Amino acid sequence: MPSLLQKLLLDLKRRGNWILGELAAVEKGLPADFNTHRKGVAQRLTRAVALVERMLCDPDLADPKLEPNFFMDFKRVSELIVSVEDTSLLILKRCSPEDRFLTSLLGQICREVGYKDPPPLCGALSFQYFQALMETDIVMTPQGQASELLALPDLYHELAHFVVFRQRPALEVPVLAIIHKYFADVVRKGRQQGLPQATMDAIGKSSALWTSLWHVEFACDMVATYWCGPAYGLANLRLSAIRGDPYQDSGTHPADDARKTGIECILKLAGGTVAANEIDRMWQDLKRLSPSIPPAGYVKRYPTQLLEQVAQCVYQGCAGLGFQRFSQHQSESAIVGTAIAQAWEAFQRDAATFAAYEASAIQALRSRLMWP
Amino acid sequence: MSELSIIAHDYALNAEFARKFNDAVLTLKRRYLLGRLGKGETDETVKEARLDLRSLLGSLVAALQDEGKPWTADQAQVPADVLERLRKRVKGELQETIVELRGVVDDLAKGAALRGPAFRVLDVVCEAADATASAAFRRLRRI
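Residues numbered from 1 in each chain as written. Chains lettered and ligands numbered in written order. Predicted model: local features only at pLDDT ≥ 70, side-chain atom pairs only at ≥ 80, totals over all residues. Heavy atoms only, no water.

Some words on the pattern of salt bridges
And step 1. Evaluation of the coordinates by the stated rule reveals 34 salt bridges over all chains.
And step 2. The salt bridge involving R30 of chain B is made with D60 of chain A; its shortest N-O contact spans 2.7 Å. Of this pair, R30 of chain B sits in helix α1 (residues 3-32) while D60 of chain A sits in the loop between α2 (32-57) and α3 (67-94), placing the two residues on different chains.
And step 3. With its nearest N and O atoms 4.0 Å apart, the salt bridge here joins R30 of chain B to E41 of chain B. Taken as a pair, R30 of chain B in helix α1 and E41 of chain B in the loop between α1 and α2 (43-64) lie far apart in primary sequence, 11 residues in all. E41 of chain B shares its class with R30 of chain B; the two are buried. (Salt bridge = Lys/Arg side-chain N within 4 Å of Asp/Glu carboxyl O. Helix = DSSP H or I, 4+ residues; strand = E, 2+ residues; numbered from the N terminus. Buried < 20%, exposed > 50% of the residue type's maximum accessible area, 1.4 Å probe, protein only.)

Encoded structure:
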């Protein structure tokens, strides 16, 4: 009589094999970049199914001492299979003209910025703005992104998520070291000064938010700015205008106002002080339109000194990894970077006629990327 | 940019840690509790599992007892969510847990065989890491 875990593993194997069959069935007619992704996913899934088969053949599977650990392996493989079905398989089966264009676009961005891994697959299927899905090497965008230029800098931010995750020793770990040291110094000074417990608790909370997830968002913004330049700052301003309160933060995302400061730090380090000042001027204008005011303790929660240190670290990390800074791009080869920068210039020059400009620029990009 | 990207990032980190920790524990449990090797496993596999576990546990112990001590890059091996969950799970027994984990690190460093009590505390870490990865996955896939 098979155990519950054996039955679950048999079911998992069946599901894994079904997806492998679907992945094989969609091969015909796929563009090369889609097929590269398909092959990679199929290889990973084949290894996962082989692991399930090994567990099923393992004479110790039902041993009470080992069974809970086998069950944990089962869960990780299950998660992979669900993720592949929900993302890779969905985009590969659909392979719409929008998905194909955005995948080509992202591939081109990867070449322009010096991204070294295979470019992620891109699908215009998101109902939650832009998403980077690390486990399956996928970027999801909203439906309209294949016809727009102004939000495309956000693709650089999503790509940065892969870099910050995969290059942890070069990017995330040094950033974390800076943040931990900064808050340890603040706590030490606070104790010396005999600050009230409520203040010390607020410092502890800020430190936890920074070291938990905020540092990742700040780092991704900064890498994106390193690659994309002022257009990333402008796209961030545009997005912030839609999102509302620039001082609102959450457990996962720092306040837009602080993110803007981080972006400016990178622009200044890259010699883009004029652009940084212009973005700041527009930001002040946005704040004039917004009734929001910074909440109590805001300045201490987002110390400029810390943002500057983190920016310096990310900037050096990007240079060390051999990435192309926006100001190093050659307009002939940086097709996407140049198109985005020019689109923002055109929008600022004449927002009323921008729609026509954008349609023509998108068409030109499609022609160059899809039918070179 | 959306919340899902950061949750995906978080899930990937937590799942990677859970997988690595559990793989090492599974290999060593079989070797020391059942007294045999798995199919395809060799003494070299056991040696690698001991090294991996020692590295992960060393980082975990350093992170758990970080009060007042400077943060080291080594601690970055352990996701913050795993630490938080583990602290909640052991609650008032944190100090005893740290002592037990340090004992396992010492045994691994000395090349000593691991016994039942070592695996009891390792299972606590495995469960915390597994639960953290599962929770991140549920947030990611909205299931």
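Looking at the packing of aromatic side chains
Residues and elements named next belong to chain A.
And step 1. Inspection of every chain in the model, using the stated rule, returns 16 aromatic pairs over all chains.
And step 2. Ring geometry for Y182 versus F183: centroids 5.4 Å apart, planes at 85 degrees, classification edge-to-face.
And step 3. The exposure class of Y182 is buried, given its relative accessible area of 16%.
And step 4. Between F218 and Y302, the aromatic rings sit 6.4 Å apart at their centres with planes inclined by 75 degrees, giving edge-to-face as the arrangement. Of this pair, F218 sits in helix α7 (residues 197-228) while Y302 is found in the loop between α11 (298-301) and α12 (304-320), placing the two residues 84 residues apart along the sequence. For the pair F218 and Y302, one class covers both residues: buried.
And step 5. Through a chain of ring-to-ring contacts, the aromatic side chains of Y182, F183, W210, W214, F218, Y247, Y298 and Y302 assemble into a single cluster. (Phe/Tyr/Trp six-rings, centres within 6.5 Å; stacked < 30°, edge-to-face > 60°.)

Topic: the interface of chain B and chain A
And step 1. Contacts between chain B and chain A engage 39 residues on the former and 46 residues on the latter.
And step 2. In total, chain B and chain A occlude about 3,900 Å² of area from one another, counting both sides; carbon and sulfur atoms represent 59% of this.
And step 3. Here chain B and chain A share 6 salt bridges between them.
And step 4. Across the pair R36 of chain B and D60 of chain A runs a salt bridge whose closest N-O atoms are separated by 2.4 Å.
And step 5. Inspection of the region where chain B meets chain A yields 17 residue pairs in polar contact (both at pLDDT 80 or more). (Contact = heavy atoms within 4.5 Å. Buried area = accessible area lost by both parts, 1.4 Å probe. Polar contact = N/O pair within 3.5 Å; in protein donor to acceptor, adjacent residues only side chain to side chain.)

Focus on a negative patch on the surface
Residues and elements named next belong to chain B.
And step 1. Taken together, the side chains of D23, D43, E44, E48 and D52 define an acidic patch exposed on the protein surface.
And step 2. Ranked by residue count, the leading element in the negative patch is α2, at 4 residues.
And step 3. On the secondary structure map, D23 appears in helix α1.
And step 4. On the basis of relative accessible area, D23 is assigned to the partly exposed category, the value being 37%. (Patch = residues over 30% accessible without salt bridge, like charges linked within 9 Å, V, L, I, M, F, W, Y side chains within 5 Å. Areas by Shrake-Rupley, 256 points an atom, 1.4 Å probe, with all protein chains shown as cover. Lys, Arg positive; Asp, Glu negative; His and termini not counted. Charge placed at Lys NZ, Arg CZ, Asp CG, Glu CD.)

As for the packing of helix α9 (residues 256-269) of chain A against helix α10 (residues 273-289) of chain A
Residues and elements named next belong to chain A.
And step 1. Where α9 contacts α10, the axes come no closer than 8 Å and their chain directions differ by 165 degrees. Viewed along their axes, α9 and α10 adopt a mutual orientation that is roughly antiparallel. The interaxial crossing formed by α9 with α10 has left-handed handedness. On α10, the residues that touch D256, D257, K260, E264, L267 and K268 of α9 are T273, A276, N277, I279, D280, W283 and K287.
And step 2. When the residues that make up the contact of α9 with α10 are grouped by side-chain class, the tally is 4 nonpolar, 2 polar and 7 charged. (Axes fitted to C-alpha atoms, helices over the stretch in contact; angles between N-to-C directions. Parallel < 35°, antiparallel > 145°, perpendicular 65-115°, else oblique. Left-handed = near helix turned anticlockwise from the far one by under 90°. Nonpolar A, V, L, I, M, F, W, Y, C, P; charged D, E, K, R; others polar.)

Description of α2 of chain A
Residue and element names in this part refer to chain A.
And step 1. Here α2 contains 26 residues, and its C-alpha end-to-end distance of 37 Å stays within 8% of the 38 Å for a straight helix at 1.5 Å per residue.
And step 2. Burial in α2 covers these residues: F34, N35, H37, R38, V41, A42, L45, A48, V49, V52, M55 and L56.
And step 3. The elements touched by buried residues of α2 are α1 (4-25), α3, α4 (97-113), β1 (121-123) and β3 (138-140). (Expected span 1.5 Å × (residues − 1).)

Concerning the sheet that holds β3 of chain A
Residues and elements named next belong to chain A.
And step 1. The strand order across the open sheet built from 3 strands is β1-β3-β2, with neighbouring strands paired in mixed fashion. Both edges of this open sheet fall to β1 and β2 (131-133), since each of them pairs with a single strand only. Sheet twist, expressed as the mean angle between neighbouring strand axes with direction ignored, is 20 degrees.
And step 2. Here β1 pairs with β3 via 3 bridges, running parallel. When the bridges of β3 are listed, L121 appears paired with I138.
And step 3. In this fold helix α5 (residues 153-166) packs onto β1, β2 and β3, with an angle of close to 25 degrees to the strand it touches most, β2. (Pairing = 2+ DSSP bridges.)

Looking at the confidence of the model for chain B
Detailed reading of the predicted coordinates is not advisable wherever pLDDT falls low.
And step 1. Considering every residue of chain B, the mean pLDDT works out to 93; 97% of them sit at 70 or more.
And step 2. Across the interface, the model reports ipTM at 0.96; the global pTM reads 0.94. (pLDDT = per-residue confidence, 0-100.)

Points about helix α13 (residues 335-349) of chain A
And step 1. Given a rise of 1.5 Å per residue, 15 residues ought to cover 21 Å, and the 21 Å separating the end C-alpha atoms of α13 of chain A matches this to within 8%.
And step 2. In this fold, the buried residues of α13 of chain A make contact with α4, α5, α8 (230-243) and α14 (354-370) of chain A.

Examining the nonpolar core
And step 1. Core analysis: the largest hydrophobic core is formed by 177 residues, its most contacted members being W210 and W227 of chain A together with F21 and L57 of chain B.
And step 2. Setting aside residues up to four positions removed in sequence, W210 of chain A forms contacts with I179, F183, H215, F218, R301, Y302, P303, L306, L307 and V310 of chain A. (Core = buried A, V, L, I, M, F, W, Y, C linked by side-chain atoms within 4.5 Å.)

A short note on the environment of P295 of chain A
And step 1. Tracing the sequence through the fold places P295 of chain A in the loop between α10 and α11.
And step 2. For P295 of chain A and Q248 of chain A, which are 47 residues apart along the polypeptide, the C-alpha to C-alpha distance reads 8.6 Å.

Topic: the side chain of H37 of chain A
Residue and element names in this part refer to chain A.
And step 1. Within the element layout of this structure, H37 appears in helix α2.
And step 2. Take H37: its relative accessible area is 9%, and that puts it in the buried class.
And step 3. In contact with H37, other than residues within four places in its own chain, are S88, L92, L121, T136, D137 and I138.

A short note on the environment of P2 of chain A
And step 1. Tracing the backbone through its elements, the reader meets P2 of chain A in the segment before α1.
And step 2. Counting along the chain gives 27 residues from P2 of chain A to G29 of chain A, while the straight-line C-alpha distance between them is 42 Å.

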